[in-house]
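One-letter residues, chain by chain:
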Amino acid sequence: MSNNAVIRMPGEKNGVLLRGHPMLFLVTGEDTKHTSMFEWTIPAEFATGRHVHRVQEETFYLLEGECQWHVGDRVVHATPGAYLFIPPGVPHDITNVSRKPARVLMTVSPPGHEHYFEELAELAAAGAPDAEALAVLRNRYDTDQLSTMTTSARSRRETG
């Protein structure tokens, strides 16, 4: 962990590509012992699949686009300016319900989740990740997957 302030300027390439869209690492475990922060461009019709974290807390602030958030038993239609805090143990998923990318600011506490995204990007670069490999990866990073990740919100609605 650094003792220096973290300053990120527009255009800096610090992060990974997920499904061809950037996930920028704004603050990571190298910078702080409290939280990570990301700017995530969510592909059109992408769904994370329902999952739960045992220890991590997450926040999402929708900057652009239109998402549907399942949080516990609630369904939220999120538009720019919507904010979501998810404590550990609450099942949730994030779905971009539009045909355009959405952008969110996301925090994960404690930090370190950037390593999950790095490994996920490596898996995705090799093609559609094998469900078992994805489950092993998610388990290693405090995530119990409850339903399948998908690239199509439409197919998700039709199957689940």
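So, a few notes on the structure that sits alongside this text. Treat the numbers as computed from the prediction; the structure is a model and nothing was measured. (Residues numbered from 1 in each chain as written. Predicted model: local features only at pLDDT ≥ 70, side-chain atom pairs only at ≥ 80, totals over all residues. Heavy atoms only, no water.)

## Section: the overall build of the chain
Right, on to step 1. Of regular secondary structure, the chain possesses three helices and 11 strands.
Right, on to step 2. Each helix (α) and strand (β) of the chain, taken in turn from the N terminus, gives the series β-β-β-β-β-β-β-β-β-β-α-α-β-α.
Right, on to step 3. A globule of 160 residues ought to have a C-alpha radius of gyration of about 15 Å, and the chain, at 15 Å, matches this closely.
Right, on to step 4. Dimensions along the principal axes, computed over C-alpha positions, put the chain at roughly 50 × 35 × 30 Å.
Right, on to step 5. Per-residue burial over the chain gives 41% buried out of 160 residues.
Right, on to step 6. Residue pairs in contact within the chain that sit at least 24 positions apart in sequence constitute 69% of those at least 6 positions apart.
Right, on to step 7. As displayed, the chain offers around 8600 Å² of accessible surface, 54% of which is attributable to carbon and sulfur atoms.
Right, on to step 8. Each charge class in the chain was averaged separately, 15 positive and 20 negative side chains, and the resulting centres sit 6 Å apart. (Helix = DSSP H or I, 4+ residues; strand = E, 2+ residues; numbered from the N terminus. Rg over C-alpha atoms; globule rule 2.2 N^0.38 Å. Buried < 20%, exposed > 50% of the residue type's maximum accessible area, 1.4 Å probe, protein only. Contact = heavy atoms within 4.5 Å. Areas by Shrake-Rupley, 256 points an atom, 1.4 Å probe, with all protein chains shown as cover. Lys, Arg positive; Asp, Glu negative; His and termini not counted. Charge placed at Lys NZ, Arg CZ, Asp CG, Glu CD.)

## Points about the packing of helix α1 (residues 113-125) against helix α2 (residues 131-140)
Right, on to step 1. Relative to each other, α1 and α2 sit at 170 degrees, their axes nearing to 10 Å. Looking at the two axes, α1 sits roughly antiparallel to α2. Taking contact as the criterion, the partners of Y116, E119, L120 and L123 in α1 are, on α2, A133, L134, L137, R138 and R140.
Right, on to step 2. Taken together, the residues that form the contact of α1 with α2 break down as six nonpolar, no polar and three charged. (Axes fitted to C-alpha atoms, helices over the stretch in contact; angles between N-to-C directions. Parallel < 35°, antiparallel > 145°, perpendicular 65-115°, else oblique. Nonpolar A, V, L, I, M, F, W, Y, C, P; charged D, E, K, R; others polar.)

## A few points about the pairing of strand β6 (residues 67-71)
Right, on to step 1. The buried fraction of β6 is high, at four of five residues.
Right, on to step 2. Inspection of the sheet shows β6 paired to strand β7 (residues 74-78) by five bridges, in the antiparallel sense. Paired with W69 across the two strands is V76, which belongs to β7.
Right, on to step 3. As consecutive antiparallel partners, β6 and β7 are separated by two residues, and within that stretch G72 has a phi angle of approximately 60 degrees, a positive value.
Right, on to step 4. Bridge count for β6 against strand β9 (residues 92-96) is five bridges, and the pairing is antiparallel. Pairing of W69 across the sheet is with I94, part of β9. (Pairing = 2+ DSSP bridges.)

## Description of the pattern of salt bridges
Where charged atoms from two side chains of opposite charge come close, those side chains can pair.
Right, on to step 1. Taken as a whole and assessed by the stated rule, the structure comprises seven salt bridges.
Right, on to step 2. When the shortest N-O distance is used, the salt bridge between D144 and R54 registers 2.5 Å. Remark: R54 occurs in the loop between β4 (51-53) and β5 (57-64) and D144 occurs in strand β11 (residues 143-145); sequence separation between them is 90 residues.
Right, on to step 3. For the salt bridge of E64 with R103, the shortest nitrogen-to-oxygen distance reads 2.6 Å. Placement of the pair is E64 in strand β5 and R103 in strand β10 (residues 102-109), with a sequence separation of 39 residues. (Salt bridge = Lys/Arg side-chain N within 4 Å of Asp/Glu carboxyl O.)

## Remarks on the packing of aromatic side chains
Right, on to step 1. By the definition in use, this model includes five aromatic pairs.
Right, on to step 2. Residues W40 and F46 carry aromatic rings whose centres are separated by 6.2 Å and whose planes lie at 80 degrees to one another, so their mutual orientation is edge-to-face. In terms of burial, W40 and F46 fall into one category: buried.
Right, on to step 3. An angle of 65 degrees between the planes, with centres 5.9 Å apart, marks the rings of Y116 and Y141 as edge-to-face. (Phe/Tyr/Trp six-rings, centres within 6.5 Å; stacked < 30°, edge-to-face > 60°.)

## Observations concerning the environment of Y61
Right, on to step 1. Relative to the elements of secondary structure, Y61 occurs in strand β5.
Right, on to step 2. Between the C-alpha atoms of Y61 and A82, which are 21 residues apart in sequence, the distance is 5.8 Å.

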